[in-house]
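The primary structure of each chain is shown beneath.
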Amino acid sequence: MAKTNPESVIESNHLRGHLATMILSALDQDDAHGFEVLKRLEQAGCGALKLKEGSLYPALYRLEEAGLVKARWEEGDSGRRGPRRRLYKITRKGRKQLEAGRVEWTQFAKIIGQIITGPVAGAAT
Amino acid sequence: MIGNMKGEHEQKLKVHVERIVRPIRAAEKDKLKMREELFAHALDAFEYECEQGANESLAVSRAIERLGHVEATQAGLQATVGWESRYNAFCEKFVRRTQGVSLLKHACRMALLVGIFFMLYMSLLMIPIRLHELLAWNSEGQTLVRVMLGLGFLFGAATFACVVLGSFAYQLVGRKFSRRGDYLRTFGITLAMTLILGVLGWGFTYGVSFDVAVSIEIMQHWLVMSLAVTACLFVAAWCDVRERVKCNDWLELDLSD
């Protein structure tokens, strides 16, 4: 994974509220197990994203409970030694939620970006 | 190197996962799912760290660090447990013989549980019908109370015997037969004990009531409920074996440092 400037690392607390959308986005490409989801997110973030891996599975279980993803145990003949993994797949409902999440984030980023980068004092007068 | 991961490193990862999952209040099958998934994740993290050039000890430490703080991860997982799973965990706490609890203590607990349940059941059944006799506290009312108490005691005693005998039967024949065979055997012993105690119970209820009609009426209820209890015990034991066999490796882990 690409190395980044430590000052530009995004901690997982900054992502609160958006983790679900990010996970759905990672699963939009293809089915994946938890570690693979994490790798996709870190690769997409160019190594600047540092997720607490312990928070990944609670998020996945919540998504599963909400019907946004479906999970199945991987087949026994995957050729991998060790315990089986659970593969997650985004559902149609999950894709709709993902689209809604993308629109929401785009608007959010646009508004916050305008506030932070634009002149706030001028807007008050 | 990855394919030849030492057992002790795998054990460290398992212990860390068990530290996270064991205290969670959820049904054992849900906890088993969490255990397997987190362990698979930890192994993937270990293999990844090894690929990045870390030696095995460092890779294990990093894999454990990646899973996060035990309490925080535990809290996150606990928050995902639904009411159904919590309810099952509550029931399992009573029905399942937990690690470290002696057979005698477990059998007494089960006996108390079943005895109280049947006394309540009989009370709910009989009190509306015989309320005036109970309130009058005449000889019929007193007989009724003795019968209900007696039945509660009988069911409790039957449960105690079934749990103890079933466990001994399982231990005696466990090596020779499949686990399903063990439980069919236990079911047979349970049913036999239930019927034997039923005959004794009839004698008891007849002894306290001196009324054949009353004792037969009670025996009819007893027969239906004892078969239901036997079936429930069998199903619970069957499920318990299936879950326990999968969970044993985890439940036997020593989590002390």
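The structure this text deals with has already been given above.
Being a predicted model, the structure only gives us computed values, none of them experimental.

(A) Quick peek at the overall build of chain A. Secondary structure summary: chain A contains 5 helices and 4 strands in total. Along its sequence from the N terminus, chain A presents helices and strands in the succession β-α-α-β-α-β-β-α-α. Counting every position in chain A, which comprises 125 residues, the buried fraction comes to 35%. Sequence separation of at least 24 residues holds for 58% of the intrachain contacts in chain A that already meet a minimum separation of 6.

(B) Region of the structure containing the packing of helix α1 (residues 19-29) of chain A against helix α3 (residues 56-65) of chain A. Residue and element names in this part refer to chain A. Running from N to C, α1 and α3 point in directions that differ by 80°, and their axes come no closer than 10 Å. The angle between α1 and α3 falls in the class roughly perpendicular. Residues L19, A20, I23 and L24 of α1 lie in contact with α3, whose contacting residues are L56, A59, L60 and L63. Looking at side-chain class alone, the contact of α1 with α3 contains 8 nonpolar, no polar and no charged residues.

(C) Focus on the nonpolar core. Membership of the largest hydrophobic core comes to 51 residues, with the highest contact counts inside it found for I23, L27, V37 and Y57 of chain A together with L13, L38 and L77 of chain B. Among the elements that take part in this core, helix α2 (residues 28-51) of chain B stands out by supplying 10 residues, more than any other. Apart from the residues within four sequence positions on either side, I23 of chain A is in contact with V37, L56, A59, L60 and L63 of chain A. The next biggest cluster of nonpolar side chains, apart from the first, holds 10 residues, and it includes F118, M122, L134 and V147 of chain B.

(D) Local environment of the environment of E18 of chain B. All names here are of chain B. In this structure, E18 sits in helix α1 (residues 7-21). Taking C-alpha positions, E18 is 9.7 Å from V70, a pair spaced 52 residues apart along the chain. Only 2.6 Å separates the side chain of E18 from the side chain of R35, close enough to count as a polar contact.

(E) How the structure looks around the interface of chain B and chain A. On the chain A side, the residues contacting the 21 residues of chain B number 22 residues. Between chain B and chain A the total buried area reaches about 2000 Å² when both faces are included, carbon and sulfur atoms providing 56% of it. Run the count over chain B and chain A and you get 4 salt bridges. Between E36 of chain B and R84 of chain A there is a salt bridge, and its shortest N-O distance comes to 2.9 Å. Our count for the chain B to chain A interface comes out at 8 residue pairs in polar contact (both at pLDDT 80 or more). Here the side of chain B that touches chain A gets 12 residues from one element, more than from any other, and that element is α2 of chain B. Broken down by class, the residue content of the side of chain B that touches chain A amounts to 10 nonpolar, 5 polar and 6 charged.

(F) Quick peek at the environment of K52 of chain A. Residues and elements named next belong to chain A. Within the element layout of this structure, K52 appears in the loop between β2 (49-50) and α3. Looking at K52, the relative accessible area reads 53%, which means it is exposed. In the structure, K52 is positioned 14 residues away from L38 in sequence and 9.6 Å away in space, judged by C-alpha atoms.

(G) Geometry of the side chain of T80 of chain B. Take T80 of chain B: it is sitting in the loop between α4 (70-78) and α5 (83-95). Taking relative accessible area as the criterion, T80 of chain B reaches 19% and is therefore assigned buried. A polar contact of 2.6 Å, which involves the side chain of T80 of chain B, links it to the backbone oxygen of L77 of chain B. Sequence-distant contacts of T80 of chain B, that is, excluding residues within four places in its chain, are made with P58, Y61 and R62 of chain A together with M34 of chain B.

Cut-off values and rules
Residues numbered from 1 in each chain as written. Chains lettered and ligands numbered in written order. Predicted model: local features only at pLDDT ≥ 70, side-chain atom pairs only at ≥ 80, totals over all residues. Heavy atoms only, no water. Helix = DSSP H or I, 4+ residues; strand = E, 2+ residues; numbered from the N terminus. Buried < 20%, exposed > 50% of the residue type's maximum accessible area, 1.4 Å probe, protein only. Contact = heavy atoms within 4.5 Å. Axes fitted to C-alpha atoms, helices over the stretch in contact; angles between N-to-C directions. Parallel < 35°, antiparallel > 145°, perpendicular 65-115°, else oblique. Nonpolar A, V, L, I, M, F, W, Y, C, P; charged D, E, K, R; others polar. Core = buried A, V, L, I, M, F, W, Y, C linked by side-chain atoms within 4.5 Å. Polar contact = N/O pair within 3.5 Å; in protein donor to acceptor, adjacent residues only side chain to side chain. Buried area = accessible area lost by both parts, 1.4 Å probe. Salt bridge = Lys/Arg side-chain N within 4 Å of Asp/Glu carboxyl O.

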